Amino acid sequence: TLMVPPLLLAGTPGWLLRPILKGRGVARTGRVLTRPLVASAIFNVAFAAWHLPVLYDWAMREHSLHIVQHLMFLATGLLLWWPVLSPLPELPPLSSPAQMLYLFLVGIPMVLVAALITLSDEVLYSFYGEGPRQWGLTPLADQRVGGVIMWVPGTLVFMIAITIVFFRWVALEADRDESPASMSARTEEADGNS
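Remember, predicted model here, so these are calculated numbers, not experimental data.

The rules we used
Residues numbered from 1 in each chain as written. Predicted model: local features only at pLDDT ≥ 70, side-chain atom pairs only at ≥ 80, totals over all residues. Heavy atoms only, no water. Helix = DSSP H or I, 4+ residues; strand = E, 2+ residues; numbered from the N terminus. Polar contact = N/O pair within 3.5 Å; in protein donor to acceptor, adjacent residues only side chain to side chain. Contact = heavy atoms within 4.5 Å. Buried < 20%, exposed > 50% of the residue type's maximum accessible area, 1.4 Å probe, protein only. Salt bridge = Lys/Arg side-chain N within 4 Å of Asp/Glu carboxyl O. Expected span 1.5 Å × (residues − 1). Phe/Tyr/Trp six-rings, centres within 6.5 Å; stacked < 30°, edge-to-face > 60°. Core = buried A, V, L, I, M, F, W, Y, C linked by side-chain atoms within 4.5 Å. Axes fitted to C-alpha atoms, helices over the stretch in contact; angles between N-to-C directions. Parallel < 35°, antiparallel > 145°, perpendicular 65-115°, else oblique. Nonpolar A, V, L, I, M, F, W, Y, C, P; charged D, E, K, R; others polar.

### Thoughts on the side chain of Thr-34
For step 1, the next point in the chain: Among the structural elements, Thr-34 can be located in the loop between helix H3 (26-33) and helix H4 (36-50).
For step 2, the next point in the chain: Looking at Thr-34, its side chain comes within polar contact range of the main-chain oxygen of Gly-30, at 2.7 Å.
For step 3, the next point in the chain: Excluding anything up to four places from it in sequence, Thr-34 contacts Ala-39, Leu-79, Trp-82, Pro-83 and Leu-91.

Written out as structure tokens, the structure is:
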């Protein structure tokens, strides 16, 4: 959800996806699903739901459902990152300031899920409670380590993405300031002041 979808979107040219939009109702559906509130809601509901103990344990016991779980993470992850990395002008990304706010806000539900897992006083997932012990960790300690891994690196991914968006925005603004039209305007202004 945090690595493959953004890299996939960043590496996919718009011309490759454009023919898909020609399907009946695809462009309209795409515009709805890639709206920031819709995309983040779909991702966060799926992410939180799959971390409910009943669904998580079921996915761990049924391999085919585990595959479905990860396909949903991938698909909803693509929706999550679309407002930032859209390769299609027909389904455009947000402005840079809006992207930074979006990236900050979409990470909050993931942090809440991670915090609940990390700070729980009991083992939430029976699959892990029944499993063999690795590295001498108790099931509760293992769960807490998993929660911290989801919490800290997950937050870092969003913070790194915000930083990248910020510096791209600053560079874009600097390029605009150095454009021939702005340089000409400054030259005229300087000539008028002399």
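On we go.
### Structural notes on the environment of Thr-118
For step 1, the next point in the chain: With respect to the helices and strands, Thr-118 occurs in helix H7 (residues 96-119).
For step 2, the next point in the chain: Residue Thr-118 is classed as buried on the basis of its relative accessible area of 9%.
For step 3, the next point in the chain: With 52 residues separating them in the primary sequence, Thr-118 and His-66 have C-alpha atoms 22 Å apart.
For step 4, the next point in the chain: Looking at Thr-118, its side chain comes within polar contact range of the main-chain nitrogen of Val-148, at 3.2 Å.

### A short note on the pattern of salt bridges
For step 1, the next point in the chain: According to the stated counting rule, one finds 3 salt bridges in the structure shown.
For step 2, the next point in the chain: With a shortest N-O distance of 2.6 Å, Arg-18 and Glu-90 are connected by a salt bridge. Of this pair, Arg-18 sits in the loop between helix H2 (14-17) and H3 while Glu-90 sits in the loop between helix H6 (63-85) and H7, and the two are 72 residues apart along the sequence.
For step 3, the next point in the chain: For Arg-18, a relative accessible area of 30% corresponds to the partly exposed category.
For step 4, the next point in the chain: Take Glu-90: its relative accessible area is 34%, and that puts it in the partly exposed class.

### As for helix H9 (residues 139-177)
For step 1, the next point in the chain: If you check H9, its first and last C-alpha atoms are 57 Å apart, about what 39 residues at 1.5 Å a residue would give, namely 57 Å.
For step 2, the next point in the chain: Restricting attention to buried positions, one finds in H9 the residues Pro-139, Leu-140, Gln-143, Gly-147, Met-150, Gly-154, Val-157, Phe-158, Ala-161, Ile-162 and Val-165.
For step 3, the next point in the chain: Buried residues belonging to H9 abut H4, H6, H7 and helix H8 (126-130).

### Description of the packing of aromatic side chains
Two measures describe an aromatic ring pair: the distance that separates the ring centres and the angle between the ring planes.
For step 1, the next point in the chain: Under the defined criterion, the tally for this structure stands at 6 aromatic pairs.
For step 2, the next point in the chain: Considering the side-chain rings of Phe-43 and Phe-47, the 5.7 Å spacing of their centres and the 20 degrees angle between planes classify their relative orientation as stacked. Taken together, the positions of Phe-43 and Phe-47, both in helix H4 and 4 residues apart, correspond to about one turn of that helix.
For step 3, the next point in the chain: Look at Phe-43 and you get buried, because its relative accessible area is 0%.
For step 4, the next point in the chain: Overall, the relative accessible area of 5% leaves Phe-47 in the buried class.
For step 5, the next point in the chain: With centroids separated by 5.3 Å and ring planes inclined at 75 degrees, the aromatic side chains of Phe-166 and Phe-167 adopt a geometry described as edge-to-face.
For step 6, the next point in the chain: On the basis of relative accessibility, which here comes to 35%, the residue Phe-166 falls in the partly exposed class.
For step 7, the next point in the chain: The exposed category is assigned to Phe-167, whose relative accessible area is 54%.
For step 8, the next point in the chain: Each member of the aromatic cluster is reached from another via a ring pair, and the members are Phe-43, Phe-47 and Phe-73.

### So, the nonpolar core
For step 1, the next point in the chain: Trp-81, Leu-103 and Phe-158 are the most contacted members of the largest nonpolar core, which has 34 residues in total.
For step 2, the next point in the chain: Elements with a minimum of two residues in this core: H4, helix H5 (53-61), H6, H7 and H9.
For step 3, the next point in the chain: At 8 residues, the largest contribution of residues to this core is made by H7.
For step 4, the next point in the chain: When sequence neighbours within four positions are dropped, the list of residues in contact with Leu-103 reads Trp-81, Val-84, Phe-158, Ala-161, Ile-162 and Val-165.

### With respect to the packing of H7 against H9
For step 1, the next point in the chain: The N-to-C vectors of H7 and H9 enclose an angle of 175 degrees; their axes lie 8 Å apart at closest approach. What the angle tells us is that H7 and H9 run roughly antiparallel.
For step 2, the next point in the chain: Along the lines of polarity and charge, the residues of the contact of H7 with H9 split into 22 nonpolar, 8 polar and 1 charged.

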